[in-house]
Amino acid sequence: MEAVLKIFRGDATSGAFRDYTVPLDEGMVVLDAVHWVQAHQASDLACRWNCKAGRCGSCSAEVNGKPRLMCMTRMDHFPPGEPITLAPMKAFPVLKDLVCDVSWNYSVNRRIPAFKPAPPEADGTWRMQQVDIDRVQEFRKCIECFLCQDVCHVLRDHDRKDSFAGPRFLVRLAGLEMHPLDVESRGAHLKEEAGIGFCNITKCCTEVCPESIHITDNAIIPLKERVVDEFYDPLRRLWRRLRGSA
Amino acid sequence: MDHLETKTYDVLVVGAGGAGLRAAIEAVDQGVSVAVVCKSLLGKAHTVMAEGGVAAALATTDSRDGWRVHFRDTMRGGKLLNDWRMAQLLAQEAPARVRELEAWGALFDRTPDGRILQRNFGGHQYPRLAHVGDRTGLEMIRTLQDRTVQAQRIDVFMECTVARLLTDDGRISGALTYRRESGRFLLLRAKAVVLATGGIGRAYKINSNSWEYTGDGHALAYDAGADLIGMEFVQFHPTGMVWPLSVRGILVTEGVRGEGGVLKNSRGERFMFRYIPEMFRGDFADTEEEADRWVADVIAGRKAEARRPPELLTRDVVARAIAQEVREGRGSPHGGAFLDIASRRKAEDIRKKLPSMYQQFFELADVDITREPMEVFPTTHYMMGGVKVDPESQAATVPGLFAAGEVAGGLHGANRLGGNSLSDLLVFGRRAGAGAATYARAQSGEPGVETRQVDAITAELLAPFERKGSESPYAVQDALQDMMGTCVGIARTADDLQNALAALGELRARAGRVGVDGNRQYNPGWHTTLDLRNLLTVSEAVTRAALARRESRGAHTRVEHPDSDKRFGTVNVVVRRQGDAMTVVEEPIVPVPGELRDILEGKD
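Not measured: the values here are computed from a predicted model.

Overview of the overall build of chain B
On a plain count of helices and strands, chain B comes out with 16 helices and 20 strands. The globule rule puts the C-alpha radius of gyration for 604 residues at 25 Å, and the 23 Å found for chain B is close to it. Overall size of chain B, expressed as C-alpha extent along the three principal axes, is 75 × 50 × 50 Å. Look at the contacts in chain B between residues 6 or more apart in sequence, and 74% of them connect residues 24 or more apart. For chain B, the computed accessible surface area is about 19500 Å², with 48% contributed by carbon and sulfur atoms.

Given below as structure tokens:
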């Protein structure tokens with residue numbers, strides 16, 4: 001059994017899809033096929049990977065046009081005989097082959113106001129109930145594969161990286177805002193810097209999340225509600241005007 | 001080096017896993033300038049793969065725990081070959097380091113009264129692992145990463161590989177690196193370098209490690225003249241996946257057994273009852289009934305009065321037992337043992353406590369672990385041996401060089417307990433950061449970097465581009481991995497080890513003929529070629545150390561010397577570079593002082 005991979009080869013200036021024929025093994029994943037191509041046909045084929053178990057979020061790519069982790073995508077997921085297309089994530093500038101420049105994500109993260117805990121209890125530790133941290137633990141499952149960023153039309157089609165942080169960092173902000181110990185306020189950051197208003201809840205991000213985080217329902221919508229409460233509530237607006245602050 | 005990009009720092013940290021990030025955070029807190037350099041993107045280091053938890057005697061889940069018990073467990077797990085002072089520091093400081101993570105935003109699973117919940121693990125007498133389901137490493141690295149980039153704004157050079165350490169008159173003066181993206185060189189000058197590069201798993205075919213684990217720090221330190229100790233002790237984790245081929249070696253967390261999972265052979269026997277070593281005989285259940293009582297207590301959240309199931313023996317013991325069952329014809333269909341949690345816990349509990357394992361088996365192996373057993377076999381997982389360091393400061397034997405985490409040797413002795421690696425990263429990452437900062441501050445003036453030295457290195461790094469195509473770097477790496485698995489695996493003979501040395505000579509010659517296609521821009525073939533040098537160095541060190549230790553102890557098994565030898569219990573095997581030759585010598589280990597000896601003997 002063999003499969004044909006059509007892999008994007010090229011860089012920021014030019015490139016094309018090239019065909020590689022790969023022998024198939026039971027249980028093989030797309031990343032195995034890419035490694036086989038590296039070892040036998042194109043030693044300089046660039047791709048990122050680390051854990052090969054869906055835990056690190058390095059090997060993101062577009063497989064037949066769909067954002068996926070290559071290490072968690074089985075070759076037998078696709079109809080036999082049909083070529084499989086591999087392209088780098090479209091929302092980011094390509095560096096080479098399947099590797100793109102994701103540095104923008106790290107710069108967004110850097111600007112998020114850091115975690116600021118409430119003072120600990122008398123014994124120097126904190127008590128938290130599991131039920132109160134369950135929802136934050138969901139957000140902290142994020143492996144930063146950036147597939148949600150890739151699929152988000154605000155970033156992918158409209159390239160609003162100047163004004164929208166994207167689903168990954170709204171999840172991160174939700175993890176901070178709903179952290180039972182955190183006392184920092186990130187309302188203004190959410191509204192102005194992270195541009196939460198740009199999200200119009202199409203849920204594409206949720207669909208591609210390999211960790212099954214309910215990005216839209218559990219992270220973004222509650223954050224939108226917070227921003228509305230803080231900035232658009234008529235009573236609060238009046239209060240702010242009376243106090244002379246924005 | 002006319003156009004060489006150069007930057008200068010007080011402290012350079014190599015590696016951005018738990019140890020590297022914790023070292024960087026500490027060094028910045030001590031007021032020196034710090035840079036971190038890492039081979040992958042930030043947050044992808046192997047620490048994210050740590051599943052089960054971080055061992056710290058917080059005593060939140062069982063009040064009988066304390067640093068003394070943790071110390072004793074660690075030493076006994078390491079077959080008493082550990083650096084006792086490091087084991088003591090680990091046990092004493094781990095709780096503070098874990099609580100500190102919580103102050104930085106980490107969210108561990110909770111006890112009913114709202115404190116940090118602890119899980120049982122192999123070799124730990126009490127539930128001791130603070131955890132987050134089975135993704136503890138991710139929680140840790142994210143917390144440290146956010147601390148690094150948000151609270152402290154440390155310079156991080158991502159996807160940048162250290163090719164060589166530079167020295168000036170025997171002292172560290174920086175590192176020559178290449179940026180993977182562009183292939184361009186970057187000279188990082190520093191008064192002190194902290195190695196936090198992890199292990200050597202890629203020297204073996206069946207392993208649980210990522211491509212990064214090519215023994216870089218071990219080899220860099222060796223090249224710079226530092227001593228390596230304990231290189232014969234490679235941990236084979238008892239439970240790696242075996243089927244399908246694509247996932248062979250991927251880790252199955254010890255947490256499965258900590259949550260009550262049992263090991264069975266093809267006859268349905270819980271074979272671990274037959275493998276309890278003399279040293280642990282009194283501490284483990286000898287009937288299934290007693291083992292089940294322990295599990296029932298643990299599930300109910302009671303203090304267990306029964307003794308622990310033998311599935312929770314130390315990793316060296318369990319790995320050897322599984323290998324023996326398979327060798328004697330009692331293996332599973334794909335040549336492993338059955339690991340069964342489905343018949344022990346409710347499906348809902350399994351999905352809650354082991355979500356990544358559930359997903360990993362469901363998606364990659366078509367196995368639903370809430371309904372059927374897993375098949376497992378040992379996989380190369382962790383390097384106990386490494387750079388010889390001072391236990392207080394983590395200083396190596398070369399001035400200005402420090403090491404922390406897996407790349408450092410001594411703490412784990414002949415076998416590491418699960419969960420102790422994550423506490424190792426925190427406790428000794430912090431100490432290395434402090435040690436490096438203190439050292440850097442005491443230096444007057446910048447150490448020099450010789451243009452000639454740098455030019456020679458860059459020429460060597462670029463040489464594979466001139467040799468078009470005669471050997472593939474992937475083929476050489478593959479051959480090395482096969483050979484190491486066959487000749488320097490779980491059970492070792494003198495003949496195999498001698499054959500390995502001969503094979504390493506041939507592989508080194510082949511590596512010298514490797515040619516690289518394409519250009520310098522993001523070229524994995526070139527990167528693999530450069531990594532080969534390190535893999536060959538550490539493979540030789542493991543092989544030579546394994547030959548020198550003519551006994552079996554912990555993870556190191558010599559077929560013709562099946563027992564531990566009292567004399568070897570008092571020495572480290574030290575690997576050291578002399579000119580171009582690798583030398584091996586025995587050095588006595590510092591004896592355990594009286595009051596700690598009492599703890600080991602249970603008099604405390």
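Description of the packing of aromatic side chains
Describing an aromatic ring pair means giving the distance of the ring centres and the angle of the ring planes. On inspection of all chains with the given rule, the structure shows 13 aromatic pairs over all chains. Each ring, one from Phe 164 of chain A and one from Phe 198 of chain A, has its centre 6.2 Å from the other, and the planes form 45°; the classification is tilted. Here the residue Phe 164 of chain A occupies a position in the loop between α5 (153-156) and α6 (167-177), and Phe 198 of chain A occupies one in the loop between α7 (187-193) and α8 (204-208), the gap between them amounting to 34 residues. The exposure class assigned to Phe 164 of chain A is buried, which follows from its relative accessible area of 2%. Following the ring pairs from residue to residue traces out a cluster consisting of Tyr 106, Phe 146 and Phe 169 of chain A. Between Lys 44 of chain B and the ring centre of Phe 146 of chain A, over which it is positioned, the NZ or CZ distance is 5.8 Å. Note that Arg 416 of chain B overlies the ring of Tyr 382 of chain B, its terminal NZ or CZ placed 3.9 Å from the centroid.

A closer look at the nonpolar core
One broad rule of soluble globular proteins: the nonpolar side chains tend to lie buried together. Counting 246 residues, the largest nonpolar core has Met 70 of chain A together with Leu 195 and Leu 401 of chain B as its most contacted members. Per-domain counts for this core show at least three residues from each of domain 1 (2-100) and domain 2 (103-243) of chain A. Ignoring anything within four residues of it in the chain, the contact list for Leu 195 of chain B reads Val 14, Gly 217, Leu 220, Ala 221, Val 387, Leu 401, Phe 402, Ala 403, Ala 404 and Val 407 of chain B. Of all hydrophobic cores here, the second largest spans 15 residues; its members include Leu 4, Leu 176, Leu 187 and Val 516 of chain B.

Observations concerning the sheet that holds strand β1 (residues 2-10) of chain A
Sheets are built from strands that pair by backbone hydrogen bonding, the pairs being arranged parallel or antiparallel. Residue and element names in this part refer to chain A. Here we have five strands laid out as an open sheet, ordered β2-β1-β5-β3-β4, and mixed in their pairing. Taken across any chain shown, the strands that pair with only one partner, and hence form the sheet edges, are β2 (15-23) and β4 (66-69). Each strand axis lies, on average, 35° off the axis of its neighbour in the sheet, ignoring direction. The pairing of β1 with strand β5 (residues 84-87) spans three bridges and is classified as parallel. Opposite Ile 7, over in β5, you have Leu 86 as the bridge partner. Sheet strands in contact with helix α1 (residues 30-40) are β1, β2, β3 (60-63) and β5, and its direction is about 100° off that of β2.

Section: the domain arrangement of chain A
Residue and element names in this part refer to chain A. For chain A, the domain assignment lists domain 1 (2-100) and domain 2 (103-243). Contacts between the two partners involve 14 residues from domain 1 and, on the opposite side, 16 residues from domain 2. Note on domain 1 versus domain 2: buried area summed over both sides is about 1200 Å², and carbon and sulfur give 60% of it. By the criterion of area lost to domain 2, the three top residues of domain 1 are Pro 67, Ala 91 and Phe 92, representing 44% of everything that side buries. For the pair domain 1 and domain 2, the interface holds one salt bridge. When the shortest N-O distance is used, the salt bridge between Arg 156 and Glu 62 registers 2.7 Å. Across the domain 1-domain 2 interface, the total number found is five residue pairs in polar contact (both at pLDDT 80 or more). Contributing elements (two or more residues each) for the side of domain 1 that touches domain 2: β3 and β4. Classifying every residue of the side of domain 1 that touches domain 2 by side-chain character gives seven nonpolar, three polar and four charged.

Some words on helix α10 (residues 234-243) of chain A
The buried fraction of α10 of chain A amounts to one of the 10 residues, a small share that puts the element mostly on the outside. The backbone nitrogen of Leu 235 of chain A lies 3.2 Å from a side-chain oxygen of the residue at the head of α10 of chain A, namely Asp 233 of chain A.

What about unusual backbone geometry?
Note on backbone geometry: most residues besides glycine have negative phi, and most peptide bonds are trans. The omega torsion of the bond from Trp 243 of chain B to Pro 244 of chain B falls at -5°, within 30 degrees of zero and hence cis. Structurally, the position occupied by Pro 244 of chain B is in the loop between β11 (234-241) and α6 (255-258).

Concerning the interface of chain A and chain B
At the junction of the two partners, chain A supplies 59 residues and chain B supplies 64 residues. Regarding the contact of chain A and chain B, the summed buried area is about 5200 Å², with carbon and sulfur atoms giving 49% of it. In this structure, the connection of chain A to chain B is made through seven salt bridges. When the shortest N-O distance is used, the salt bridge between Lys 352 of chain B and Asp 134 of chain A registers 3.3 Å. In this structure, the connection of chain A to chain B is made through 38 residue pairs in polar contact (both at pLDDT 80 or more). Among the secondary structure elements, those contributing two or more residues to the side of chain A that touches chain B are α1, β6 (94-96), α2 (103-111), α3 (130-139) and α6 of chain A. With five residues, the top contributor of residues to the side of chain A that touches chain B is α3 of chain A. Of the residues in the side of chain A that touches chain B, the class split is 28 nonpolar, 12 polar and 19 charged.

As for the side chain of Lys 161 of chain A
Residue and element names in this part refer to chain A. Here Lys 161 shows up in the loop between α5 and α6. Reaching out from Lys 161, the side chain makes a polar contact with the backbone oxygen of Ala 91 at a distance of 2.6 Å. Setting aside chain neighbours within four positions, we find Lys 161 in contact with Ala 91, Phe 92, Trp 104 and Leu 155.

Looking at the sheet that holds strand β14 (residues 374-383) of chain B
Residue and element names in this part refer to chain B. Taken in spatial order, the four strands of this open sheet run β11-β14-β13-β12, and their pairing is antiparallel. Edge positions in the sheet fall to β11 and β12 (262-264), since each has one partner strand and no second. Averaged over all adjacent pairs, the angle separating strand axes in this sheet is 45°, with direction ignored. For β12 and strand β13 (residues 337-340), the ladder comprises three bridges, and the chain directions are antiparallel. Within β13, the residue paired with Val 262 across the bridge is Asp 340. Running at roughly 60° to β11, helix α8 (residues 315-327) makes contact with β11, β12, β13 and β14 of the sheet.

Side note on the pairing of β13 of chain B
In this structure, β13 of chain B lies alongside β14 of chain B, joined through three bridges in antiparallel fashion. Residue pairing across strands places Ala 337 of chain B opposite Val 376 of chain B, the latter belonging to β14 of chain B.

Examining the environment of Arg 274 of chain B
All names here are of chain B. Here Arg 274 lies in the loop between β12 and α7 (288-300). Once the C-alpha coordinates of Arg 274 and Leu 187 are considered, the two residues, 87 residues apart in sequence, prove to be 56 Å apart. In this structure Arg 274 touches Asn 265, Glu 269, Glu 325 and Arg 330, once residues within four positions along its chain are discounted. For Arg 274, the side chain forms a polar contact with the side chain of Glu 325, separated by 3.2 Å.

Each value, and the rule that gives it
Residues numbered from 1 in each chain as written. Chains lettered and ligands numbered in written order. Predicted model: local features only at pLDDT ≥ 70, side-chain atom pairs only at ≥ 80, totals over all residues. Heavy atoms only, no water. Helix = DSSP H or I, 4+ residues; strand = E, 2+ residues; numbered from the N terminus. Rg over C-alpha atoms; globule rule 2.2 N^0.38 Å. Contact = heavy atoms within 4.5 Å. Areas by Shrake-Rupley, 256 points an atom, 1.4 Å probe, with all protein chains shown as cover. Phe/Tyr/Trp six-rings, centres within 6.5 Å; stacked < 30°, edge-to-face > 60°. Buried < 20%, exposed > 50% of the residue type's maximum accessible area, 1.4 Å probe, protein only. Lys NZ or Arg CZ within 6 Å of the ring centre and 35° of its normal. Core = buried A, V, L, I, M, F, W, Y, C linked by side-chain atoms within 4.5 Å. Domains from an automatic or database assignment. Pairing = 2+ DSSP bridges. Axes fitted to C-alpha atoms, helices over the stretch in contact; angles between N-to-C directions. Buried area = accessible area lost by both parts, 1.4 Å probe. Salt bridge = Lys/Arg side-chain N within 4 Å of Asp/Glu carboxyl O. Polar contact = N/O pair within 3.5 Å; in protein donor to acceptor, adjacent residues only side chain to side chain. Nonpolar A, V, L, I, M, F, W, Y, C, P; charged D, E, K, R; others polar.

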